[in-house]
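# Residue-level structural notes
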Amino acid sequence: MTIHRMAALTAVLTTLALAQPVLAQDAQKPIKIATEGAYAPWNFTTADGKLDGLEVELANDLCARMKVTCEIVAQDWDGLIPSLTVGKFDVIMASMFITPKRLETIDFTQPYAVDPSGFAVAKDSDLGKLGVSTEKFKLEDEAASIAAIDTLKPLLQGKIVGVQAATTNLDFVKKYFGDIVEIREYKTTEQHDLDLAAGRIDALFAQQTALAATLAKPEFGDYTIAGPGFVGGVFGLGTGAGLRKEDTKLKDMLNAAIDSAIADGTIKRISEKWVGTDVTPVK
């Protein structure tokens, strides 16, 4: 074989090796799972620097079912998808909704949770006086969801609404309320929580379970979740684990583990522990 042919063959083999899913590269290599570590109670960083929360506990459970070693790491929200695509880690479990836009860049497992998003406001505000609603509107049901949104609009007219940047929650507020509220974007939910407590904004928009955890703190005694929750539409198919498109074997393994965790009630148990309600997707 000539030197040129040997070089060409080496290049091809190297390319093929790099293109293999993480599990095919090294069966002993830990799977790295990234979470934000700043979205309690779904994922957060404890006072001693450890990651914890619903998704951290679920990630460990899924890894045990797959019989693989996993390492859970923290990554800022806005760097999750870029860092995944360049190989910094292998999976995202960070309360990330499965949307068509994200599916252009990465792949997802089936949903492991479905959790409506809504508003948190002062109890004595116009919207706050409506109280907590158990209604959940699917944005695909346009007539019903638009009617609900139109009911909220005059109650939010001219208000400052805080929402985490680069999220589907921001997409929702921009699409349906952008013409009547001032939107203030934040890098983390912890930042917008502080501004609500300080009275610098009038409302928050986020997943209702995350809002409930925030409002359980003593400094938020004068605030409440108000109005209905929203799912579907810009929120996509629910919350799933993100991974690179080429990692098909890993996706199959995760989907099988999620199926098992749904079937035996583990997701129900973990979610009720952390967020006080069952967020198991309905099959």
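Residues numbered from 1 in each chain as written. Predicted model: local features only at pLDDT ≥ 70, side-chain atom pairs only at ≥ 80, totals over all residues. Heavy atoms only, no water.

Counting buried positions over the five residues of strand β1 (residues 31-35) gives four, a clear majority of the element. Bridging between β1 and strand β5 (residues 70-74) involves five bridges; their strand directions are parallel. Bridging across to β5, K32 finds its partner in E71. Note that β1 and strand β6 (residues 91-92) share two bridges and pair parallel. Looking at the pairing, A34 lines up with I92 of β6. (Buried < 20%, exposed > 50% of the residue type's maximum accessible area, 1.4 Å probe, protein only. Helix = DSSP H or I, 4+ residues; strand = E, 2+ residues; numbered from the N terminus. Pairing = 2+ DSSP bridges.)

With that out of the way, let us pick up the nonpolar core. Within the largest apolar cluster, 40 residues are counted, with the highest numbers of intra-cluster contacts made by L62, V91, M93 and Y112. For Y112, the residues in contact, after removing those within four places along its chain, are E55, L58, M93, A94, S95, T239, G240, A241, I258, I267, V279 and P281. Listed in part, the 23 residues of the second largest apolar core include F137, A148, L152 and A203. (Core = buried A, V, L, I, M, F, W, Y, C linked by side-chain atoms within 4.5 Å. Contact = heavy atoms within 4.5 Å.)

Here T280 is to be found in the segment after α11 (266-275). A distance of 3.4 Å separates a polar atom in the side chain of T280 from the backbone nitrogen of K268. A polar contact is formed between the side chain of T280 and the side chain of D278, at a distance of 2.5 Å. Each residue touching T280, except ones within four places of it in the same chain, is listed here: I262, I267 and K268. (Polar contact = N/O pair within 3.5 Å; in protein donor to acceptor, adjacent residues only side chain to side chain.)

Here the focus is the state of the cysteines. With the rule as written, the count across this model stands at one disulfide. With a sulfur-sulfur separation of 2.0 Å, C63 is cross-linked through a disulfide to C70. What sets the handedness of the C63 and C70 disulfide is the S-S torsion sign, and at about -95° it is left-handed. (Disulfide = S-S within 2.5 Å.)

With respect to the element layout, V114 can be found in the loop between β7 (107-113) and β8 (117-122). Residues V114 and D278, 164 residues apart in the sequence, show an inter-C-alpha distance of 9.0 Å. Here V114 is in contact with V231, L237, G238, V279 and P281, once residues within four sequence places are set aside.

Once that is clear, we can look at the pairing of strand β14 (residues 239-243). Burial runs high along β14: five of the five residues are buried. Where β6 meets β14, two bridges bridge the pair, whose relative direction is antiparallel. Within β14, the residue paired with I92 across the bridge is G242. Two strands pair when backbone bridges link them, and β7 and β14 are joined in this way by four bridges, in the antiparallel orientation. Pairing of A113 across the sheet is with T239, part of β14.

With that out of the way, let us pick up the sheet that holds strand β2 (residues 38-39). Spatial strand order, β2-β3-β4: three strands in an open sheet with antiparallel pairing. Two strands bound the open sheet, and with one partner strand each, they are β2 and β4 (51-52). Note: β2 against strand β3 (residues 43-45), two bridges, orientation antiparallel. By the bridge assignment, A38 is partnered in β3 with F44.

If you check helix α10 (residues 248-263), its first and last C-alpha atoms are 22 Å apart, about what 16 residues at 1.5 Å a residue would give, namely 22 Å. Where α10 terminates, the next one or two residues include G265, which has phi positive at roughly 85°. (Expected span 1.5 Å × (residues − 1).)

Here we come to the environment of I225. Tracing the chain through its elements places I225 in strand β13 (residues 223-231). A relative accessible area of 12% places I225 in the buried class. A sequence separation of 13 residues divides I225 from A212, and the C-alpha atoms of the two residues are 7.3 Å apart. Residue contacts for I225: discarding those within four places in its chain leaves F119, A120, G131, V132, Q208, L211, A212 and L215.

What follows is about the sheet that holds β1. The strands making up a sheet are joined through hydrogen bonds of the backbone, oriented either antiparallel or parallel. Pairing is mixed in the open sheet, where five strands are placed in the order β5-β1-β6-β14-β7. Each end of this open sheet is capped by a strand with a single partner; those strands are β5 and β7.

All right, on to the confidence of the model for the chain then. As a note on interpretation, predicted positions should not be read in detail where pLDDT is low. For the chain, the mean per-residue pLDDT works out to 91, and 90% of the residues sit at or above 70. The low-confidence segment residues 1-25, where pLDDT is below 50, has 19 contacts with residues more than four positions distant or belonging to other chains. (pLDDT = per-residue confidence, 0-100.)

So, about the packing of aromatic side chains. Counted by the stated rule, this structure contains twelve aromatic pairs. Here the aromatic rings of F172 and F205 are separated by 4.8 Å at their centres, their planes lie at 10°, and the arrangement is stacked. A residue pair is termed long-range when its members are at least 10 positions apart, and F172 in helix α7 (residues 168-177) and F205 in strand β12 (residues 203-207) qualify at 33 residues. For the pair F172 and F205, a shared accessibility class is recorded, and that class is buried. Between the aromatic rings of F172 and F230, the centroid separation amounts to 5.0 Å while the plane-to-plane angle is 40°, which identifies the pairing as tilted. Note that F172 is positioned in helix α7 and F230 in strand β13, a separation of 58 residues in sequence. Judged on exposure class, the residue F172 and its partner F230 are both buried. Aromatic rings pair up to connect F97, F119, F137, F172, Y176, F177, F205, F230 and F235 into one cluster. (Phe/Tyr/Trp six-rings, centres within 6.5 Å; stacked < 30°, edge-to-face > 60°.)

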